[in-house]
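Structural characterization, general
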Amino acid sequence: MSIHDNLLGINDRIRLALDRSGREDEVKLVAVTKTLQVDKIIEALDLGVVDIGENKVQELAEKMEILGDRPKYHMIGHLQTNKVKFLVEKVHLIHSLDRISLAKEIDKRAKASNRVIDTLIQVNVSQEDSKFGMKEEDVIPFIEKVLMFENLRIKGLMTIAPFTDDEVVLRNTFRGLYNLSEKIKVENYKEISMDILSMGMTNDFEIAIEEGSNMIRVGTGIFGERNY
Ligand SMILES: *Cc1c(COP(=O)(O)O)cnc(C)c1O
């Protein structure tokens, strides 16, 4: 299947999942382009893709170099503190904020570049597969520590579900992230928002949307299997 046909199919499935949940809002599709050559990315951009996601700083920085300001760049992978500087000029959204030291560095670098960087807190809801992300109970104390950072803005939450076909496990994971975001909303912090819930990948994005996702990160579903 071509990238064109895959995108049409995914957009249909997003629409149907929204309909099933009776939702009238939108879901943003982040096309995950890790390991891909830029010609494939340009093909997707020509087909209307705007947001692209990468999980490695070096690869993302190389693609920023080539593609310039055309796409919106999402950092979706684990982020080492000493690599923030390579992303600071062009990154649109960092999905993997998971510790204070990283928040401090993002804030510092953003300030030096005279910008405010949007971030999502990565939460390890399932506590199973994924090595990264904060425990649910640590999220509110974390928010209270980073509220004063003026050049880092928290816009929502992100999670990676366990690698499983078990629909119950997937649904519970996504529901857990949704419930946490509702709990944070109740706190009414004026400095942050909970507008974005980044959850759902190729194998589970429909369940994620049914559970409240409004940003999905899809790679193989658009571009086919990756060659590492
Ligand atoms: C690779 C990756 C994705 C996309 O995975 P697919 O199964 O190819 O859709 C989404 N999120 C993160 C964090 C990833 O590393």
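Summarised in this report is the structure supplied together with it.

Cut-off values and rules
Residues numbered from 1 in each chain as written. Predicted model: local features only at pLDDT ≥ 70, side-chain atom pairs only at ≥ 80, totals over all residues. Heavy atoms only, no water. Helix = DSSP H or I, 4+ residues; strand = E, 2+ residues; numbered from the N terminus. Rg over C-alpha atoms; globule rule 2.2 N^0.38 Å. Buried < 20%, exposed > 50% of the residue type's maximum accessible area, 1.4 Å probe, protein only. Contact = heavy atoms within 4.5 Å. Lys, Arg positive; Asp, Glu negative; His and termini not counted. Charge placed at Lys NZ, Arg CZ, Asp CG, Glu CD. Near = heavy atom within 4 Å. Polar contact = N/O pair within 3.5 Å; in protein donor to acceptor, adjacent residues only side chain to side chain. Areas by Shrake-Rupley, 256 points an atom, 1.4 Å probe, with all protein chains shown as cover. Nonpolar A, V, L, I, M, F, W, Y, C, P; charged D, E, K, R; others polar. Core = buried A, V, L, I, M, F, W, Y, C linked by side-chain atoms within 4.5 Å. Salt bridge = Lys/Arg side-chain N within 4 Å of Asp/Glu carboxyl O.

**A word on the overall build of the protein**
Helix and strand content of the protein: 8 helices and 8 strands. Here the C-alpha radius of gyration of the protein, 17 Å, is about what a compact globule of 228 residues would show, namely 17 Å. Its C-alpha atoms give the protein principal-axis dimensions of roughly 45 × 40 × 30 Å. Put simply, the protein has 228 residues, and 52% of those count as buried. Sequence-distant contacts, at least 24 apart, represent 58% of the contacts inside the protein between residues at least 6 apart. Positive and negative charge centroids in the protein, built from 32 and 39 side chains respectively, lie 5 Å apart.

**Describing the site of the ligand**
Val 32, Lys 34, Asn 55, Ile 76, Ile 160, Met 201, Thr 202, Arg 217, Val 218, Gly 219, Thr 220 and Arg 226 make up every residue found near the ligand. Take Thr 202: an N or O atom from its side chain is 2.4 Å from an oxygen atom of the ligand. Taking 390 Å² as the accessible area of the ligand by itself, protein coverage stands at 90%. Grouping the constituent residues of the shell around the ligand by class yields 5 nonpolar, 4 polar and 3 charged.

**Quick notes on the nonpolar core**
Ile 121, Val 139, Ile 143, Ile 154, Leu 157, Ile 184 and Ile 222 are the most contacted members of the largest nonpolar core, which has 66 residues in total. Top element by residues in this core is helix α1 (residues 3-20). It accounts for 6 residues. If sequence neighbours within four positions are ignored, Leu 157 has contacts with Leu 120, Ile 121, Val 123, Val 139, Leu 177, Leu 180, Ser 181, Ile 184, Met 194, Ile 196, Leu 197 and Ser 198. Formed by 6 residues, the second largest nonpolar core is a distinct cluster that contains Val 30, Leu 93, Met 158 and Ile 196.

**Some details on the pattern of salt bridges**
Tallied over the full model, the rule gives 18 salt bridges. Linking Asp 25 and Arg 23 is a salt bridge whose minimum nitrogen-to-oxygen distance equals 2.9 Å. With its nearest N and O atoms 2.7 Å apart, the salt bridge here joins Arg 171 to Glu 210. Separated by 39 residues along the polypeptide, Arg 171 in helix α6 (residues 167-186) and Glu 210 in helix α7 (residues 205-210) bring together distant segments of the chain. Residues joined in a network through salt bridges with shared partners are Arg 20, Glu 167, Arg 171, Arg 175, Glu 210 and Glu 211.

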